[in-house]
Amino acid sequence: MSLLARGGAVLLLLLLAACGTEYPQNSLSPHSDFAETIHQLYVSIFWWTMFILAVVWIILAWVLVKFRAREGDEKPRQIRGHLGLEIGWTVGPALIVIAIAIPTIQAVFATQRPVSEDAMTIEVTGHRFWWEFHYPEQGITTANELVLPVDRPVNLRLGSPDVIHSFWVPKLGGKRDVNPTVAVREGEDPKYNWLFFTPQETGYFYGQCAEFCGESHAFMSMRVLVETEEDFQAWADRWRESPGALPPAGPEDPEDETELEMAGVPAQADEPDQLEIGDDDPLVAMGRDIFLNQATCLACHAIEGTSAQGDRGPNLTLFGERTTLASGILENNPENLAAWIKDPWAFKPAAAMPGVDYDMQGTAGYWPATALSDEQVRAVAAYLLSLK
Amino acid sequence: MSQTAIKTDWDFPAFAGEGHHEVGFIRTYIFSTDHKMIAKQFLAMSLIFLALGGTLALLMRWQLAFPGQPLPGGGIFPDTMAPGGIILPEFYNSLVTMHGTFMIFFAIMPLLVGVFGNLLIPLQIGAGDMAFPKLNMLSFWLAVPAGFMMLASFFVEGGAAGAGWTAYAPLSADGEFTGVYLGQQLWLGSLFILGFSSIAGAVNYITTVINMRAPGMTWFRLPLTIWALFVTAILVLLAIPILAGALIMLLTDQTLGTAFFLPAEGGEPLLWQHLFWFFGHPEVYILILPAFGIVSEILANGARKPIFGYFAMVLAIIAIAFLGWIVWGHHMFMSGMNPLLGTTFMFTTMVIAVPSAIKVFNWLGTLWKGNIHFTVPFLHAAAFVSLFIIGGLSGIFMASTPVDIHIHDTYFIVAHLHYVLFGGSLFAIFAGITYWYPKMFGRLMNTTWNRIHFVGSFIFYNLAFFPMHGLGLEGMMRRLYDPTQYGWLAELQPWNVFITYAVFALIAFQVIFFLNFIISMWRGEDAGPNPWRANSLEWSIPSPPPHGNFERIPVVHRGAYEYSAPGWDEDFVLQNEPPSEEAVQ
Ligand SMILES: [Cu+2]
Ligand SMILES: [Cu+2]
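Residues numbered from 1 in each chain as written. Chains lettered and ligands numbered in written order. Predicted model: local features only at pLDDT ≥ 70, side-chain atom pairs only at ≥ 80, totals over all residues. Heavy atoms only, no water.

Chemist: Just give me the short version of the overall build of chain A, but keep the residues and values in it.
Modeler: Scanning chain A from terminus to terminus reveals 9 helices and 14 strands. Among the 388 residues that make up chain A, the fraction classed as buried is 54%. Within chain A, contacts between residues at least 6 apart in sequence are counted, and of these 64% link residues at least 24 apart. Carbon and sulfur atoms make up 57% of the accessible area of chain A, which totals about 16,800 Å². (Helix = DSSP H or I, 4+ residues; strand = E, 2+ residues; numbered from the N terminus. Buried < 20%, exposed > 50% of the residue type's maximum accessible area, 1.4 Å probe, protein only. Contact = heavy atoms within 4.5 Å. Areas by Shrake-Rupley, 256 points an atom, 1.4 Å probe, with all protein chains shown as cover.)

Given below as structure tokens:
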């Protein structure tokens, strides 16, 4: 039975080895105040438990070997208990519990302390199966890639229109459920959850929906980009002044609009797209035309500076700057993007976006297939990637 | 029932079946009211569901190790589950949900409560049967249709429930979200019916233990199995109705248009979590307290020594059961709970470590200076102690609210719960089955094969579940259909493949156990009345015991753990053995 002890040692080594390596969603390498607090607590609990485990395993292994029955053994003495020992192993664990509870309580209140005045509020909405980020101060809405300035406290307001999700970016520390916040009784505010922390290093962090939310729950990931204050401001400015890239390619065809109306999409007020030509790649121009004028995309997606103002899907402004696609599950490149537009369900079953081949009926209503040729899909992809 | 009125100088009667009217096949094997037969029926049922739950686990592990690759022989699945043998995400979600549901409600719970409760309570307290034999029969015959209903949900339109075994609302409350309508309703109905089965059992156990103990069987002479089962029955009686209420509310949300848990119409999804876990945490102890009892029994038997700190062991069981009611919030630390409330739950949860530690150290004390015989049941019981402690200690991480922020809903939790339910409950169940098999069937299981099963299970169990701690800390979340979707998890994929192979091996060793179990019924060695040379009352009568168990009501003279008492030739004395002249007290 010393096998037990030996096996334990090997497994312990394995565990330690696993902790040492840097994986993007590793919870043991803190990069925010929040995560740091938790990490210290984790380490102290780790050593307490290892100590207890070692004590129990060593005694167990030793007892099993030492007191195994042998030929000609005497009857063992009847020992019914030992008051001193029993008090000892009641009080000992109780003290350890207290030793763990005190720093835990401190950490609870450190990670849930009231929000500081200068914190930047961001409204996070968990949708099935993507994340929406709205910056009320800046008037920005983006999706799936949260951009944060370093060293500025942020206060995330978490809400959802459908089921429970959970916002989780391990290296920045937070995991908190995103509860449904729809339809509350009159005069009541929805019960938002809040998550408050200060990122302390610039970098690229992985996050994830951590509460089971349906078929594609496993594909509901996200990224957090922590940038310097200047970079963050520059990004915000780019967003606000987003050209929607390229002016309209020629006068809009009124027929297309009626088609759209028939598909249940309200015709958009014609805003002249006031911006200069950034790129006159004909494929991009064609894609833009399709996106804004021919397909149903704009009913769900918004692109700042264009007539696309839908809010059922991710806001695609500056989409070309995104590193990932479809809430962090695909690299953002022309092939993946085209494949996604053609058939989102191939990557994310039950996602609330119709592909080009089939109709979709879901919580967002009825959506006809978009019916685009491969060429057209490539053009739309090129257009979206040009949004920088 | 005055003690003096009872004849105490009786010897082993050879009376199998004597004096009882013959009953037909159906009354003996199907609608039996004999507690031993009902225990065997529960055993058969729950082993079948255990095998089913294991099969579901195999399918999941295949998908996790080899996502997108067709399952060998997967062609038999319809296109709604696994077209071309490739498991669909919605089917995977059903697998996750149903694996948990079958294992917890239809395998481990009936094994511990249904089988050992039925078998041991009358035998160990010296009663002829349960207080309400017909209710007992009803209890089994409610569990069976509940199981079929659960099973049937795989084959209805939309497939089986896919909202997780915890069925969090609103995901579970509106079929719109999962595409599962009827399947979820069958799930709810099935558990509702099963609840009545459990309640009927619990009422019976409580009444029987209180009223039908043999003369001289005082509360503190009871075997710890009986204490554990008695306290468990109280938990069942109090916890199941809460679940039943919640299930009905969810069912009406699904079918009648109520909105208890649907936020869109003003419902409160968090209410489901509170109700579910207010039932769910006591349920955790329903699944572990009987295991504590079984393990105590077998460790003392293996060490040939009285249990160390019997009284403290009883108090610890009661304390754990009590504390179990005030910790449910630890499942909801992430739900946005007020930090003060969270801290309270954190503290009550950690306090459970104290009675748990008392139990572990008392077990070690029992083995200390013993004369340890490594019987197969003993091996399983010792493994229980070594594995349960891992599950208990990983629980401390989760109890610590801030640390839980990281590990909540990751594979760390999956590791923890399998250390408690497999390393804990299931190893205790193996200990119990191998220990009482001779009492149930009159024959011994084959020891060699049993040892092989033990070694294989112990090794591959750890290889399968221990690495999950690491995966969880790396950020691998649970209920994850395809880990390779994430770049960094794809790098860790070798671990998932490794775990899957370990699970394959683990299951292969369970096949050995099943075969041994069945074959030994005919081919096993004759067991005799007391193969383990144990003290409690069931070992004083033939194996299997006849209808009515005891020819005369036994009179109990001592506690259940008088191993190696001085003054006796043997190192055990039956509880009903009259005191001998020479025995020194
Ligand atoms: Cu999710
Ligand atoms: Cu719990």
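Chemist: If you had to explain the pattern of salt bridges to someone new, which residues and values would you point to?
Modeler: Considering all chains together, one arrives at 14 salt bridges over all chains under this definition. E229(A) is the partner of R152(A) in a salt bridge, and the nearest nitrogen-oxygen pair spans 2.8 Å. Within this pair, whereas R152(A) is found in the loop between strand 4 (145-149) and strand 5 (154-159), its partner E229(A) is found in helix 4 (residues 229-240), the two being separated by 77 residues in sequence. By relative accessible area, which is 28% here, E229(A) ends up partly exposed. A salt bridge links R552(B) to E551(B); the shortest N-O distance between them is 3.6 Å. Via salt bridges that share partners, R304(B), R533(B), E570(B) and D571(B) belong to a single interconnected network. (Salt bridge = Lys/Arg side-chain N within 4 Å of Asp/Glu carboxyl O.)

Chemist: So, a nonpolar patch on the surface: which residues are in play, and what are the values?
Modeler: A contiguous nonpolar surface patch, about 660 Å² in accessible area, is contributed by L83(A), I87(A), V91(A), L95(A), I98(A), I102(A) and F347(B). Counting residues per element, the nonpolar patch draws most heavily on helix 3 (residues 83-111) of chain A, which supplies 6 residues. For L83(A), the position within the fold is in helix 3. (Patch = residues over 30% accessible without salt bridge, like charges linked within 9 Å, V, L, I, M, F, W, Y side chains within 5 Å.)

Chemist: Provide a residue-level description of the coordination of the copper ion (ligand 2), including the pertinent values.
Modeler: All names here are of chain B. Note on the copper ion (ligand 2): its protein donors are H281 (ND1), H330 (NE2) and H331 (NE2). The metal-donor distances range over 1.7 to 2.0 Å. Mapped onto the polypeptide sequence, the residues donating to the copper ion (ligand 2) form the spacing pattern H-x48-H-H. You can call H330 buried: its relative accessible area is 14%. (Donors = N, O, S within 2.8 Å, 3.2 Å for Na, K, Ca; no water.)

Chemist: Which residues make up the coordination of the copper ion (ligand 1), and what are the values?
Modeler: All names here are of chain A. Around the copper ion (ligand 1), the protein contributes the donor atoms C209 (SG), E211 (O), C213 (SG) and H217 (ND1), which lie 2.1 to 2.6 Å from the metal centre. Because the angles between the 4 donor atoms bound to the copper ion (ligand 1) fall within 82 to 129°, the donor set is best described as irregular. Each donor residue of the copper ion (ligand 1) belongs to the same chain, with the gaps between them written as C-x1-E-x1-C-x3-H. Its relative accessible area of 0% is what places C209 among the buried residues. (Tetrahedral: all angles 85-135°; square planar, octahedral: opposite > 155°, others 65-115°.)

Chemist: Could you give an account of the pairing of strand 6 (residues 165-168) of chain A, with specific residues and numbers?
Modeler: Residue and element names in this part refer to chain A. Of the two faces of strand 6, the one holding H165 and F167 and the one holding S166 and W168 are both buried throughout. Sheet analysis places strand 6 next to strand 7 (residues 175-178), joined by 4 bridges and oriented antiparallel. Directly across from W168, in strand 7, lies its bridge partner K175. Sheet topology places strand 6 next to strand 9 (residues 203-209); 2 bridges connect them, and they run antiparallel. Looking at strand 9, one finds that F167 is bridged to C209. (Pairing = 2+ DSSP bridges.)

Chemist: How would you sum up the sheet that holds strand 10 (residues 221-227) of chain A? Please name residues and give values.
Modeler: All names here are of chain A. On the basis of which strands lie adjacent, the open sheet formed by 5 strands has the order 4-10-9-6-7 and mixed pairing. Two strands in the sheet have a free side with no partner beyond their single neighbour: strand 4 and strand 7. Across the sheet, the mean angle from the axis of one strand to that of its neighbour is 25°, orientation sign disregarded. Relative to strand 4, helix 4 is tilted by about 130°, and along the sheet it contacts strand 4 and strand 10. (Axes fitted to C-alpha atoms, helices over the stretch in contact; angles between N-to-C directions.)

Chemist: Now, about the packing of aromatic side chains: what can you tell me, with residues and values included?
Modeler: For the structure on display, the rule yields 75 aromatic pairs over all chains. On the numbers, 5.6 Å between centres and 55° between planes, the contact of F102(B) with F106(B) is tilted. Of this pair, F102(B) and F106(B) both sit in helix 3 (residues 89-125), 4 residues apart, which is roughly one turn of the helix. Over the aromatic face of Y192(A) sits the side chain of R157(A), whose NZ or CZ is 3.8 Å from the ring centroid. A cation sits over an aromatic face here: R213(B) above W219(B), 4.2 Å from the ring centre. (Phe/Tyr/Trp six-rings, centres within 6.5 Å; stacked < 30°, edge-to-face > 60°. Lys NZ or Arg CZ within 6 Å of the ring centre and 35° of its normal.)

Chemist: Please set out the sheet that holds strand 8 (residues 193-197) of chain A residue by residue, giving values where relevant.
Modeler: Residue and element names in this part refer to chain A. Pairing in this open sheet of 5 strands is mixed, and the strands run 3-2-1-5-8 from one edge to the other. Edge positions in the sheet fall to strand 3 (140-143) and strand 8, since each of these pairs with one other strand and no more. This sheet shows a mean twist of 25° between the axes of neighbouring strands, independent of strand direction. Sheet topology places strand 5 next to strand 8; 5 bridges connect them, and they run antiparallel. Across the sheet, L156 pairs through a bridge with L195, a residue of strand 8. Here helix 4 sits on the sheet in contact with strand 1 (120-127), strand 2 (130-135) and strand 3, set at roughly 100° to strand 3.

Chemist: Give a description of the domain arrangement of chain A that names residues and reports values.
Modeler: Residues and elements named next belong to chain A. Domain annotation for chain A reports domain 1 (120-240) and domain 2 (254-385). Listed by partner, the interface residues are 20 residues for domain 1 and 21 residues for domain 2. Contact between domain 1 and domain 2 buries roughly 1,700 Å² in total, counting both sides, with carbon and sulfur atoms accounting for 53%. Looking at the side of domain 1 facing domain 2, the largest losses of area belong to E145, F219 and W239, adding up to 31% of the total buried there. Run the count over domain 1 and domain 2 and you get 1 salt bridge. (Domains from an automatic or database assignment. Buried area = accessible area lost by both parts, 1.4 Å probe.)

Chemist: Explain the nonpolar core to me, using residue names and the numbers behind them.
Modeler: Formed by 308 residues in total, the largest nonpolar core has its most connected members in F167(A) and L384(A). Among the elements that line this core, the one with the most residues is helix 3 of chain B, at 23 residues. Both domains that furnish three or more residues to this core are identified here as domain 1 (120-240) and domain 2 (254-385) of chain A. (Core = buried A, V, L, I, M, F, W, Y, C linked by side-chain atoms within 4.5 Å.)

Chemist: Give a detailed account of the interface of chain A and chain B, specifying residues and quantitative values.
Modeler: With 95 residues of chain A at the interface, the matching set in chain B holds 107 residues. In total, chain A and chain B occlude about 8,600 Å² of area from one another, counting both sides; carbon and sulfur atoms represent 71% of this. In this structure, the connection of chain A to chain B is made through 2 salt bridges. Between E562(B) and R80(A) there is a salt bridge; the shortest N-O distance is 2.7 Å.

Chemist: Mind laying out the packing of helix 12 (residues 353-367) of chain B against helix 13 (residues 376-399) of chain B, listing which residues take part and the relevant values?
Modeler: All names here are of chain B. Interaxial distance between helix 12 and helix 13 falls to 11 Å at its minimum, and their mutual angle equals 155°. Considering their axes alone, helix 12 and helix 13 lie roughly antiparallel with respect to each other. For the pair helix 12 and helix 13, the sense of crossing is left-handed. Touching A353, V360, W363 and L367 of helix 12 are F378, F384, V385, I389 and I396, all from helix 13. Of the residues in the contact of helix 12 with helix 13, the class split is 9 nonpolar, no polar and no charged. (Parallel < 35°, antiparallel > 145°, perpendicular 65-115°, else oblique. Left-handed = near helix turned anticlockwise from the far one by under 90°. Nonpolar A, V, L, I, M, F, W, Y, C, P; charged D, E, K, R; others polar.)

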